[in-house]
Amino acid sequence: MDDNYILKVQMFGEFLVSGRDGSLDDDKIRSEMMTKLLAYIFCHRRKKVTVMELAEALWHDDKSDNPAGALKNLMYRVRNIMKKEWGELDFILTGRGTYSWNPEVPVWIDAEEFERLCRQAKAGGSCEEKIEGLLQAVKLYRGPFLPKLSGEYWAASLSTYYHSLYLTSVKDLAALLEENSRFEEMGAVCQKAIQLDALDEELHCCFIKALIGQNKQNLALEHYQKTVDLLYDNLGVRPSRELREVYEELLKQKHSQELDLGNIQDELKSEDDGSGAFLCEYGVFKKSYHLEQRRASRLGLPVYISLITVYPSIDVQEDSEAYLKLINTGMSVMETVLISSLRNGDVISRYSGNQFIVMLPNCQYDSSQMIMKRIQDKFYTRDKKLKVKIQYSLDEIDLNRDRVER
């Protein structure tokens, strides 16, 4: 903001109006209605706003018997609190049935500057100019637009717009920084964005790429696993193809330089204590499946797989918070039961938000049935207060065999 502006307005993360001699925030204003009125005037300061429009924005849920009178009183209080901070300036003008911001009082607003920088970067310019513009833009986005007014329809629509623009800009910026090998900046930008929107899978992909670019493969692996768990727990989905491809590339880079076989074995042993079944990410499970499929074909050894589904035993709306809590609790219990009940050579993976897939190598059909029945019994006896049930299917790796449902 240059010296020509009298007021600076922050709307991302919090509402704050500051000038040379004072500032106003929610605590100082001490009235949600006054904050709402002032924020609305700032957002629409380039036009004359009618009394009817302001009344609808301020009292849309609770219509005032005298909206013009109530608005006049509220406007008087807003003007007074601004005059106490910045003197006898006519900040808000009164017209015939309208109110408007005084165009002779220059104002800088972070949301408008953010949008301007994003559009400017998209319009063209050199790669360096785009990067610098987007870096400035994403730095301005400190959080959701007017978070304390998120229940207001006009603020909510703007908040959605700005958040979407922010995510797009971060991803565009990450791609440009990656092209120019500026991985440290790329990581910082993505890390901040993840804090603001932890469930955007593309952001996690970009962050992992940034860590790989900085040769932080162990941190990248750790973040990948946290991301997989996060997506399962909150969305009930498996990693996307893009995220799995990043993971595959990560494994290639992580293991491309070591020449000492002893060090490799130490690393392999350090990540597994050798007790219980092997719990792994679905991509690793697929590799294990293909390996066992070849081994079974060559040696004639039977291999069975089982799909276990956890679902609520009570009536609860799917995808609700209560539903996710029930499923996550049930999946946590099932994971413990599977690891402790299966053999060292058995392989487990989370297949979806409420499913595990299990591979039982070198195991006959009758034995596989007994194993799954034992798991079912242990699950139900482990915590009798659980409000979930399970269902499992059993199938030999030869997909032509009939499936047995339980």
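The structure displayed is predicted, hence computed values, not measured ones.

**Focus on the confidence of the model for the protein chain**
And then number 1: Per-residue pLDDT for the protein chain has a mean of 87; in total, 90% of the residues score no lower than 70.
And then number 2: Confidence drops under pLDDT 50 across residues 399–405; counting only partners more than four residues distant or on other chains, this segment forms 15 contacts.

**Re the pairing of strand β9 (residues 303–312)**
Two faces, one strand: in a regular strand the side chains alternate between the faces of the sheet.
And then number 1: Taking burial as the measure, the ten residues of β9 include eight buried ones, the bulk of the element.
And then number 2: Both β9 and strand β12 (residues 388–396) contribute to a ladder of nine bridges, which runs antiparallel. Paired with Tyr 304 across the strands is Glu 396, a residue of β12.

**Description of the pattern of salt bridges**
Any two side chains of opposite charge can pair, given that their charged atoms come close.
And then number 1: Taken as a whole and judged by the stated rule, the model has 17 salt bridges.
And then number 2: A salt bridge links Glu 113 to Arg 116; the shortest N-O distance between them is 2.8 Å. Placement of both Glu 113 and Arg 116 in helix α5 (residues 110–123) is noted, with a separation of three residues, approximately one turn of the helix.
And then number 3: Since its relative accessible area comes to 18%, Glu 113 is described here as buried.
And then number 4: Salt bridges linked by common partners bring Glu 128, Glu 132, Arg 182 and Glu 185 together as one network.

**Looking at the nonpolar core**
And then number 1: The biggest cluster of nonpolar side chains holds 96 residues, and the ones touching the most others in it are Phe 15, Phe 42, Met 82, Trp 101 and Phe 114.
And then number 2: The element contributing the most residues to this core is helix α7 (residues 153–179), with eleven residues.
And then number 3: Those residues in contact with Phe 42 that sit more than four places away from it in its chain are Leu 7, Val 9, Met 11, Phe 15, Val 17, Trp 101, Val 107, Ile 109 and Glu 112.
And then number 4: With 28 residues, the next largest nonpolar core counts Val 337, Cys 363, Phe 379 and Leu 386 among its residues.

**Considerations on the packing of helix α6 (residues 127–140) against α7**
And then number 1: Across the interface, α6 lies against α7 with an axial gap of 10 Å and an inter-helix angle of 140°. Taken as axis vectors, α6 and α7 run oblique relative to one another. Crossing geometry of α6 relative to α7 is assigned as left-handed. Seen from α6, the contacting residues are Cys 127, Lys 130, Ile 131, Leu 134, Leu 135 and Val 138; seen from α7, they are Tyr 166, Ser 169, Val 170, Asp 172, Leu 173, Leu 176 and Leu 177.

**Observations regarding unusual backbone geometry**
And then number 1: Phi is positive for Ser 181, close to 55°, though the residue is something other than glycine.
And then number 2: By secondary structure assignment, the location of Ser 181 is in the loop between α7 and α8 (183–196).
And then number 3: For Ser 181, a relative accessible area of 51% corresponds to the exposed category.

**Focus on a nonpolar patch on the surface**
And then number 1: Taken together, the side chains of Leu 199, Leu 235 and Val 237 make up a nonpolar region of the molecular surface, amounting to roughly 210 Å² of accessible area.
And then number 2: On the secondary structure map, Val 237 appears in the loop between α10 (217–235) and α11 (241–254).
And then number 3: By relative accessible area, Val 237 is classed as partly exposed at 34%.

**A look at the sheet that holds strand β7 (residues 107–109)**
And then number 1: The strand order across the open sheet built from four strands is β3-β2-β1-β7, with neighbouring strands paired in mixed fashion. Each end of this open sheet is capped by a strand with a single partner; those strands are β3 (23–25) and β7. Neighbour-to-neighbour, the strand axes of the sheet open up by a mean angle of 15°, direction not taken into account.
And then number 2: Note that strand β1 (residues 7–10) and β7 share three bridges and pair parallel. When the bridges of β7 are listed, Leu 7 appears paired with Val 107.
And then number 3: Sitting on the sheet, helix α4 (residues 67–86) touches β1, β2 (16–19) and β3, and the angle it makes with β3 is about 140°.
And then number 4: Here α5 sits on the sheet in contact with β1 and β7, set at roughly 65° to β7.

**Some thoughts on α4**
And then number 1: The terminal C-alpha atoms of α4, which comprises 20 residues, lie 28 Å apart, in line with the 28 Å expected from a rise of 1.5 Å per residue.
And then number 2: Buried residues of α4: Leu 71, Leu 74, Met 75, Val 78, Ile 81, Met 82, Glu 85 and Trp 86, and no others. When α4 is viewed along its axis, its buried side chains cluster within an angular range of 130° and face the same direction. Within α4, the exposed residues directed more than 90 degrees away from the buried face are Lys 72, Tyr 76 and Lys 84.

Parameters at a glance
- In this numbering scheme, every chain counts its residues from 1 along its sequence in written order.
- Note on the predicted model: pLDDT of at least 70 is required for a residue's local features to be given, and 80 or more for side-chain atom pairs to be given and counted; whole-chain, interface and lining totals, by contrast, use all residues.
- Only hydrogens and water are set aside; all other atoms, that is, all heavy atoms of the structure, feed into the side-chain values.
- Predictor confidence is given residue by residue as pLDDT, running from a minimum of 0 to a maximum of 100.
- Contacts: residue pairs with any heavy atoms within 4.5 Å of one another.
- Exposed residues in this analysis have more than 50% of their type's maximum accessible area, buried residues have under 20%, and partly exposed residues fall in between, with area computed by a 1.4 Å probe over protein chains only.
- Going along the chain from the N terminus, every DSSP run of H or I of four or more residues is numbered as a helix, and every run of E of two or more is numbered as a strand.
- DSSP bridges decide pairing: two strands pair if at least two such bridges lie between them.
- Counted as salt bridges are all cases of a side-chain nitrogen of Lys or Arg within 4 Å of a carboxyl oxygen of Asp or Glu.
- As used in this record, nonpolar core signifies buried Ala, Val, Leu, Ile, Met, Phe, Trp, Tyr and Cys residues forming a set joined through side-chain atoms within 4.5 Å.
- Think of each axis as a best-fit line through the C-alpha atoms, taken over the contacting stretch in the case of a helix, with angles from 0 to 180 degrees between the N-to-C directions.
- Oblique is the label for any angle not under 35 degrees, not over 145, and not in the 65 to 115 range, which are roughly parallel, roughly antiparallel and roughly perpendicular in turn.
- In this scheme the crossing of two helices becomes right-handed for a clockwise turn of the near helix relative to the far one and left-handed for an anticlockwise turn of less than a right angle.
- Without a salt bridge and with relative accessible area above 30%, a residue can belong to a patch; like charges are then joined within 9 Å and nonpolar side chains (Val, Leu, Ile, Met, Phe, Trp, Tyr) within 5 Å.
- For the area figures, the Shrake-Rupley method with a 1.4 Å probe applies, and any residue is considered shielded solely by the protein chains shown.
- By this rule the span expected of a helix is its residue count minus one, scaled by 1.5 Å.
- To obtain the arc, one takes the directions from the helix axis to the C-beta atoms.

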